[in-house]
Amino acid sequence: MGQAEWARELAERLLAKPLPRRWAHTQGVAARATSLAPILGEETDTLTAAAYLHDIGYSPELLDTGFHPLDGARYLRDVAGADERLCRLVAHHSCAVNEAAERGLLDVLNTEFAQERPELVEALTYCDMTTGPDGRHLDVTERLAEIHSRYGPEHLVSRSITTSTPRILAAVQAVESALAAQRA
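Notes on the structure follow.

Rules used in this analysis
- Residues numbered from 1 in each chain as written.
- Predicted model: local features only at pLDDT ≥ 70, side-chain atom pairs only at ≥ 80, totals over all residues.
- Heavy atoms only, no water.
- Core = buried A, V, L, I, M, F, W, Y, C linked by side-chain atoms within 4.5 Å.
- Buried < 20%, exposed > 50% of the residue type's maximum accessible area, 1.4 Å probe, protein only.
- Contact = heavy atoms within 4.5 Å.
- Disulfide = S-S within 2.5 Å.
- Helix = DSSP H or I, 4+ residues; strand = E, 2+ residues; numbered from the N terminus.
- Polar contact = N/O pair within 3.5 Å; in protein donor to acceptor, adjacent residues only side chain to side chain.
- Phe/Tyr/Trp six-rings, centres within 6.5 Å; stacked < 30°, edge-to-face > 60°.
- Lys NZ or Arg CZ within 6 Å of the ring centre and 35° of its normal.
- Salt bridge = Lys/Arg side-chain N within 4 Å of Asp/Glu carboxyl O.

**Focus: the nonpolar core**
Side chains that are nonpolar tend, in soluble globular proteins, to be buried together. Residues Leu36, Leu47, Leu53, Ile56 and Leu76 are the most contacted members of the largest nonpolar core, which totals 54 residues. Apart from the residues within four sequence positions on either side, leucine 47 is in contact with Ala33, Leu36, Leu40, Leu120, Ala123, Leu124 and Cys127.

**Looking at the state of the cysteines**
Linking two cysteines covalently through their sulfur atoms gives a disulfide. A full pass over the atoms with the stated rule returns 0 disulfides. Between cysteine 87, a cysteine without a disulfide, and cysteine 127, which holds the nearest cysteine sulfur, the sulfur-to-sulfur distance is 19 Å. Considering cysteine sulfurs only, cysteine 95 is the nearest to cysteine 127, which forms no disulfide, with 14 Å between them. For cysteine 127, a relative accessible area of 0% gives the class buried.

**Considerations on the side chain of histidine 92**
Topologically, histidine 92 is positioned in the loop between α6 (84-91) and α7 (96-103). Only 2.7 Å separates the side chain of histidine 92 from the backbone oxygen of phenylalanine 113, close enough to count as a polar contact. If near-sequence neighbours (up to four positions away) are discounted, histidine 92 is found in contact with Val97, Leu109, Asn110, Phe113, Ala114, Gln115 and Val121.

**Describing the packing of aromatic side chains**
Across all of its chains, the model carries 1 aromatic pair by this definition. Cation over ring: arginine 22 sits above tyrosine 58, and NZ or CZ is 3.8 Å from the ring centre.

**A closer look at the pattern of salt bridges**
A full pass over the atoms with the stated rule returns 19 salt bridges. A salt bridge links glutamate 112 to arginine 74, with the nearest nitrogen and oxygen atoms 2.5 Å apart. Placement of the pair is glutamate 112 in helix α8 (residues 106-112) and arginine 74 in helix α5 (residues 68-78), with a sequence separation of 38 residues. Arginine 159 is paired through a salt bridge with glutamate 102; the nearest N and O atoms lie 2.8 Å apart. Linking arginine 159 in helix α11 (residues 156-183) with glutamate 102 in helix α7, this pair joins segments that are 57 residues apart in sequence. Each member of the salt-bridge network shares a partner with another, and the members are Glu43, Glu84, Arg85, Arg88, Glu116, Arg117 and Glu119.

Dropping the structure here:
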């Protein structure tokens with residue numbers, strides 16, 4: 001069984017029943033990851049696995065700090081015995097460092113989980129930030145607006161997304177440029 005298949009089964013078990021909308025988003029993010037095979041090659045399985053796992057920290061079963069990247073990565077490391085790269089990708093997905101700083105968890109996040117290779121982090125950010133809550137493809141600006149509308153302007157998630165927006169936009173642009181170059 002490949003990493004992506006294992007990750008899909010785990011994510012479905014943790015998300016499908018308690019959080020069906022989160023599961024729909026997760027499936028959409030994983031589909032986006034699979035679509036990056038032309039630029040990722042043999043790393044596509046790793047990215048697809050990370051896409052399935054990126055939001056498992058929202059599962060009520062895993063709730064610890066309330067910061068889903070950290071809770072999910074800890075579960076993967078401590079309980080599921082996941083590959084270190086998957087743990088790092090989940091821990092740092094979609095500019096998680098900015099939300100960690102808002103929550104006072106930046107040192108904890110960075111101490112427990114090193115950064116992963118920037119190209120894979122950008123690819124996961126692209127997949128997450130171009131997929132809506134229902135799993136459908138969205139333009140990155142629509143996705144950012146959706147997050148802000150869901151949380152409101154004063155919420156720490158909105159503040160961290162505002163801080164992260166330049167890096168999110170750069171990640172999406174980098175992936176779209178790489179896809180365009182591959183097609184040319």
